[in-house]
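Below, each chain spelled out in residue letters.
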Amino acid sequence: DGPAAGLTEEIHRLKREKNAVILAHNYQRPEVQELADVLGDSLALARAAAKTDADVIVFCGVHFMAETAAMLNPEKTVLLPDLEAGCSLADSITADQLRAWKAEHPGAVVVAYVNTSAEVKAESDYCCTSSNAIEVVRSIPEDREILFLPDMFLGAYVQRVTGRRNMHIWMGECHVHAGIQPSQVKTVLREHPRAELLVHPECGCSTSSVYLAAEGVLPADRTKILSTGGMLKHASSSEAEEFIVATETGILYQMQKRNPGKRFVAANPDAICPFMKRITLDKVRDALRENRYVITVPEDIASRARLAIERMVAIG
Ligand code: 13P
Ligand code: SF4
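Residues numbered from 1 in each chain as written. Chains lettered and ligands numbered in written order. Predicted model: local features only at pLDDT ≥ 70, side-chain atom pairs only at ≥ 80, totals over all residues.

A. Looking closely at the UniProt feature "binding site: [4Fe-4S] cluster" (unreviewed entry) in the protein chain. The UniProt record marks C87, C174 and C273 with the feature "binding site: [4Fe-4S] cluster" (unreviewed entry), using the residue numbering of this structure. Across 187 residues of sequence, these annotated residues stay compact in space, with a maximum C-alpha separation of 9.4 Å. Note on placement: C87 falls in the loop between β4 (77-79) and α5 (95-104). Setting aside anything within four residues of it in sequence, one finds C87 in contact with V62, H63, F64, N115 and F275. (UniProt positions renumbered as here; feature names shortened; annotations may be inferred. Helix = DSSP H or I, 4+ residues; strand = E, 2+ residues; numbered from the N terminus. Contact = placed C-beta atoms within 7 Å.)

What follows is the structure in structure tokens.
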């Protein structure tokens, strides 16, 4: 209804004219989620970008995601509707810092979370996302030392699950997920004693959920550590009727929409990613109308990053 409906119609028209596809991350604003041809987590969106036959990809997400799409599909035009849509986690390591770290551990295998710049990926052997980080680490021979970056909580989680000892972890974090405090999770759990707890591995509470379980606040089998795509799938398939969700709150819209009979509660209602929220319907329209902002990666960087990204797309 109203101006949003007119805008949506205009976007659909422009999309048809330009043979464009709209990919949107699960943290996007509800109205942007509604517009998406593909809505998903980082891995699903990278896979969708790799196989689309559209000429233009409008990436409703953040800069590193658009860069990854551009490297996977260099003959397509990839548009990011707002150049300020960055990522505090991706900013927590530079290519220079990674080169210095590698020099301290010659021969180590570098596993970079997809939340990194193209330059950092070009210095890496494997990329991973939260949905396949465990499988990626397991695919690396046991005797090889691993440098895992940049997220310390995801790294600690992967290390705990895989039991990998020869793994060094960069001390980066996402300010949104790190801001979801274990004490808040505990309080919400007490208020909803029958709920399941869905935790993104970028949360500090992903490592402390073990302790919450040990303290008897929550049975361990009712805590699930999942990517955003994994959370959506689990929310639909689980028998539970109530869920506490420890990640960026944009995902709650989709969870509630797909499961109208279930109840979803944010572990921290202030866990809002300002970068993801920069994408608005107006900016998507302008992106299509003005062909902006085109995301490209210099070929010397892209060609070095591509193997790591392709391994990520293939594993898990
Ligand atoms: P996933 O959607 O891959 O779980 O990642 C979450 C995230 O923070 C992306 O920036
Ligand atoms: Fe980056 Fe965190 Fe925002 Fe995801 S939620 S895009 S990791 S700042």
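Back to the text.
B. Quick peek at the site of ligand 2. Surrounding ligand 2, one finds 13 residues, the nearest of these being C87, L89, C174, V176 and C273. Here the shell around ligand 2 is built from residues that sort into eight nonpolar, three polar and two charged. (Near = placed C-beta within 6 Å. Nonpolar A, V, L, I, M, F, W, Y, C, P; charged D, E, K, R; others polar.)

C. Quick look at the UniProt feature "binding site: iminosuccinate" (unreviewed entry) in the protein chain. In the numbering used here, UniProt assigns the feature "binding site: iminosuccinate" (unreviewed entry) to H25, S42, Y113, V114, N115, S130, H200, P201, E202 and T228. Relative to the assigned elements, P201 resides in the loop between β9 (196-199) and α11 (205-214). Leave out the neighbours within four places in its chain, and P201 touches S130, F153, L154, Y157, S206 and I225.

D. Representation of the pairing of β9 within the structure. Where burial is concerned, the two faces of β9 agree: the one with E196 and L198 and the one with L197 and V199 are both buried. Relative to strand β11 (residues 242-246), β9 runs parallel, the two sharing four bridges. Its bridge partner being in β11, E196 is matched across the sheet by F243. As judged from the three bridges shared by β9 and strand β10 (residues 223-225), these two strands associate in the parallel manner. The partner of L197 across the bridge, within β10, is T223. (Buried ≥ 20, exposed ≤ 12 C-beta atoms within 10 Å, placed from the backbone. Pairing = 2+ DSSP bridges.)

E. Structural view of the site of ligand 1. Around ligand 1 lies a shell formed by N26, D41, S42, L43, N115, T129, S130, S131, C174, E202, S227 and T228. Of the residues in the shell around ligand 1, the class split is two nonpolar, eight polar and two charged.

F. Highlighting the environment of G107. Mapping G107 onto the fold places it in the loop between α5 and β5 (109-113). The exposure class of G107 is exposed, given the 7 C-beta atoms found within 10 Å.

G. Expanded view of the packing of helix α1 (residues 2-18) against helix α14 (residues 281-290). Packing of α1 against α14 brings their axes to within 9 Å, and their N-to-C directions diverge by 25°. For the element pair α1 / α14, the angle class is roughly parallel. When you trace α1 past α14, the crossing you get is left-handed. In this structure, α1 uses A4, L7, T8, E10, I11, L14, K15 and K18 to contact α14, whose residues at the interface are L281, D282, V284, R285, L288 and R289. (Axes fitted to C-alpha atoms, helices over the stretch in contact; angles between N-to-C directions. Parallel < 35°, antiparallel > 145°, perpendicular 65-115°, else oblique. Left-handed = near helix turned anticlockwise from the far one by under 90°.)

H. A look at the domain arrangement of the protein chain. Structurally, the protein chain comprises domain 1 (2-86 + 276-296), domain 2 (90-174) and domain 3 (180-266). Contacts between the two partners involve eleven residues from domain 1 and, on the opposite side, nine residues from domain 3. (Domains from an automatic or database assignment.)

I. Focus on the environment of P201. When the 25 C-beta atoms within 10 Å are taken as the criterion, P201 is described as buried. Considered as a pair, P201 and A220 are 19 residues apart in the sequence and their alpha carbons are 15 Å apart.

J. Looking closely at the environment of I11. Note on placement: I11 falls in helix α1. Spatially, the C-alpha atom of I11 lies 28 Å from that of K233, the residues being 222 residues apart in sequence. Not counting residues up to four positions away in its chain, the partners in contact with I11 are L35, L281, V284, R285 and L288.

K. Just the confidence of the model for the protein chain, in detail. Averaged over every residue, the pLDDT of the protein chain is 95; the share at 70 or more is 100%. As scored by the predictor, the complex reaches a pTM of 0.96 and an ipTM of 0.98. (pLDDT = per-residue confidence, 0-100.)

L. Structural context of helix α13 (residues 251-258). Within the sequence span of α13, burial applies to I251, Q254 and M255. Buried residues of α13 fall within an arc of 100° about the axis and therefore sit on the same side. Those residues of α13 hidden inside the fold are in contact with α2 (30-35), β2 (38-40), α12 (228-237), β11 and β12 (263-266). (Arc of directions from axis to C-beta.)

M. Representation of the sheet that holds β12 in the model. In space, the four strands of this open sheet follow the order β10-β9-β11-β12, with parallel pairing throughout. A single partner strand is all that each edge strand has here, and the edge strands are β10 and β12. Pairs of neighbouring strands in the sheet enclose a mean axial angle of 25°, with direction left out of account.

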